[in-house]
Amino acid sequence: MTDDLWKRDEIQSPCVKLCSIHPETKLCLGCSRSLIEITKWSQMSDDMRADIITQLPDRTPAPKKRRGGRSSRAASQTTNR
């Protein structure tokens, strides 16, 4: 039996198995792909997948929001009175 029989060409994927879609950006929090990209990934050409993979580091799956701070404390003090 040869090892060639068991070799497969796997589709390259940026998936890190932390799949959760952000409600605002509609991007996966694990890999930064959109739902459409995830759905069509296996039908895309190698060039299309490579192009998307190069774009992923520039994407922000979840917007950074400040939590707390002076305005938050001021708002909570007025509602607690």
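This one's a predicted model, so the numbers in the text were calculated from it and none came from an experiment.

## Details of the environment of tryptophan 41
- By secondary structure assignment, the location of tryptophan 41 is in the loop between α1 (35-40) and α2 (46-55).
- Among all residues touching tryptophan 41, those that are not within four sequence positions of it are Ile11, Gln12, Ser13, Pro14, Arg33, Arg49, Ile52 and Ile53.

## So, the confidence of the model for the chain
- With 72% of its residues at a pLDDT of 70 or more, the chain shows a mean pLDDT of 84.
- Here helix α3 (residues 69-79) stands out as the element of the chain with the lowest mean pLDDT, 66, in contrast to α1, whose mean of 96 is the highest.

## Points about unusual backbone geometry
- Backbone geometry at lysine 26 places phi at a positive 60 degrees, although glycine is not the residue there.
- In this fold, lysine 26 is placed in the segment before α1.
- Here lysine 26 falls in the partly exposed class, since its relative accessible area comes to 48%.
- The residue serine 32 is not glycine, and still its phi comes out positive at about 75 degrees.

## Considerations on the state of the cysteines
- Within the structure shown, the criterion is met by zero disulfides.
- No disulfide involves cysteine 15; its nearest neighbouring cysteine sulfur is the one of cysteine 19, lying 4.1 Å away.

## A closer look at a nonpolar patch on the surface
- Nonpolar side chains collect at one region of the surface, where Ile21, Leu35 and Ile38 lie side by side and expose about 220 Å² of accessible area between them.
- For isoleucine 21, a relative accessible area of 32% gives the class partly exposed.

## Let's talk about the side chain of glutamate 37
- Here glutamate 37 shows up in helix α1.
- Within polar-contact distance, the side chain of glutamate 37 engages the side chain of arginine 59 at 2.7 Å.
- In this structure glutamate 37 touches Met44, Ile52 and Arg59, once residues within four positions along its chain are discounted.

## A word on the pattern of salt bridges
- Tallied over the entire structure, the rule returns two salt bridges.
- Two residues, glutamate 37 and arginine 59, come together in a salt bridge whose shortest N-O distance is 2.7 Å. Residue glutamate 37 is found in helix α1, and its partner arginine 59 is found in the loop between α2 and α3; the two are separated by 22 residues along the sequence. With respect to class, glutamate 37 is no different from arginine 59; both count as buried.
- Salt-bridge contacts for arginine 49 lead to aspartate 46; the nearest nitrogen and oxygen are separated by 2.3 Å. Taken together, the residues arginine 49 and aspartate 46, both in helix α2 and three residues apart, mark about one turn of the helix.
- Of the residues examined, aspartate 46 reaches a relative accessible area of 58% and is grouped as exposed.

The rules behind these values
Residues numbered from 1 in each chain as written. Predicted model: local features only at pLDDT ≥ 70, side-chain atom pairs only at ≥ 80, totals over all residues. Heavy atoms only, no water. Helix = DSSP H or I, 4+ residues; strand = E, 2+ residues; numbered from the N terminus. Contact = heavy atoms within 4.5 Å. pLDDT = per-residue confidence, 0-100. Buried < 20%, exposed > 50% of the residue type's maximum accessible area, 1.4 Å probe, protein only. Disulfide = S-S within 2.5 Å. Patch = residues over 30% accessible without salt bridge, like charges linked within 9 Å, V, L, I, M, F, W, Y side chains within 5 Å. Areas by Shrake-Rupley, 256 points an atom, 1.4 Å probe, with all protein chains shown as cover. Salt bridge = Lys/Arg side-chain N within 4 Å of Asp/Glu carboxyl O. Polar contact = N/O pair within 3.5 Å; in protein donor to acceptor, adjacent residues only side chain to side chain.

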